[in-house]
Amino acid sequence: MVQCEMCGKEVSSPNRVKIEGAELDVCDECTDFGTEVTTEDSSTTSTKYSTSSSGSDSSSSSASSASSSSSGGGRRRDMFDEMDEVAQDYDQRIRNARESEGMSQEDLARKLNEKASLIRKLERGDTLPTDEIQTKLERELGISLSEGGSSEENEWSSGESQGSYTLGDMVERKD
């Protein structure tokens, strides 16, 4: 018997599910929280979610484009895998670039056609820039506010040969 990595319930045959970028072994009830991941050796078992790219259902253009962009119909790609994240130090990047251009917050706000209070909040790190604001800032200041990097280089690997992880292995505490 194995424990569900979400709720801790004892399970005889857990389901491998991808939830917010992490692959977990979960019970049947917790399977609904993510997308079931199939591997080559478990392809004979029926799954709740189809991961094949040859499906005839084309109700969602984003789902069909995500599955067609994956190579060889392997694991289903999450929409967040292709998104760039805003850099942790975006506030410092904005302030340094603005100051190096010799602009005040009001000048930058005027050029972007935004409010100066928004620029102040961004530079303090109180608010994240929307995609539109991020694009405007990157163009005007000639900087990049994205972390960049693909999901493959962000994948976590452990020294364990079994490959069984719990949420505790993945979480960083902020004590």
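Predicted model, so just to flag it, every value in this text is computed and none were measured. (Residues numbered from 1 in each chain as written. Predicted model: local features only at pLDDT ≥ 70, side-chain atom pairs only at ≥ 80, totals over all residues. Heavy atoms only, no water.)

## Quick word on the confidence of the model for the protein
- Chain-level pLDDT for the protein is 75 on average; 65% of the residues reach the 70-or-more range.
- Contacts for the low-pLDDT stretch residues 52–71, under 50 throughout, to residues beyond four places or in other chains number four contacts.
- Here residues 149–154 is a poorly scored stretch, pLDDT under 50, and it has four contacts once near neighbours within four places are set aside; other chains count. (pLDDT = per-residue confidence, 0-100. Contact = heavy atoms within 4.5 Å.)

## Some thoughts on helix 3 (residues 105–112)
- Inspection of helix 3 places Gln105, Leu108, Ala109 and Leu112 among the buried residues, and these make up the whole buried set. Burial along helix 3 is one-sided: seen end-on, the buried residues are contained in an arc of 100°. With respect to the buried face of helix 3, the exposed residues turned more than 90 degrees away are Arg110 and Lys111.
- Taken together, the buried residues of helix 3 touch helix 2 (90–100), helix 4 (116–124) and helix 5 (131–141).
- Just downstream of helix 3, Asn113 is the residue with a positive phi angle, here 60°. (Buried < 20%, exposed > 50% of the residue type's maximum accessible area, 1.4 Å probe, protein only. Helix = DSSP H or I, 4+ residues; strand = E, 2+ residues; numbered from the N terminus. Arc of directions from axis to C-beta.)

## Some thoughts on the pattern of salt bridges
- Taken as a whole, this structure holds 13 salt bridges when the rule is applied.
- A salt bridge links Arg110 to Asp107; its shortest N-O distance comes to 3.2 Å. Of this pair, Arg110 and Asp107 both sit in helix 3, separated by three residues, roughly a single helical turn.
- The exposure class of Arg110 is exposed, given its relative accessible area of 61%.
- A relative accessible area of 29% places Asp107 in the partly exposed class. (Salt bridge = Lys/Arg side-chain N within 4 Å of Asp/Glu carboxyl O.)

## Describing the pairing of strand 4 (residues 22–26)
- Residues of strand 4 alternate between two faces, with Ala22, Leu24 and Val26 buried on one and Glu23 and Asp25 left unburied on the opposite face.
- As consecutive antiparallel partners, strand 3 (residues 15–19) and strand 4 are separated by two residues, and within that stretch Glu20 has a phi angle of approximately 50°, a positive value. (Pairing = 2+ DSSP bridges.)

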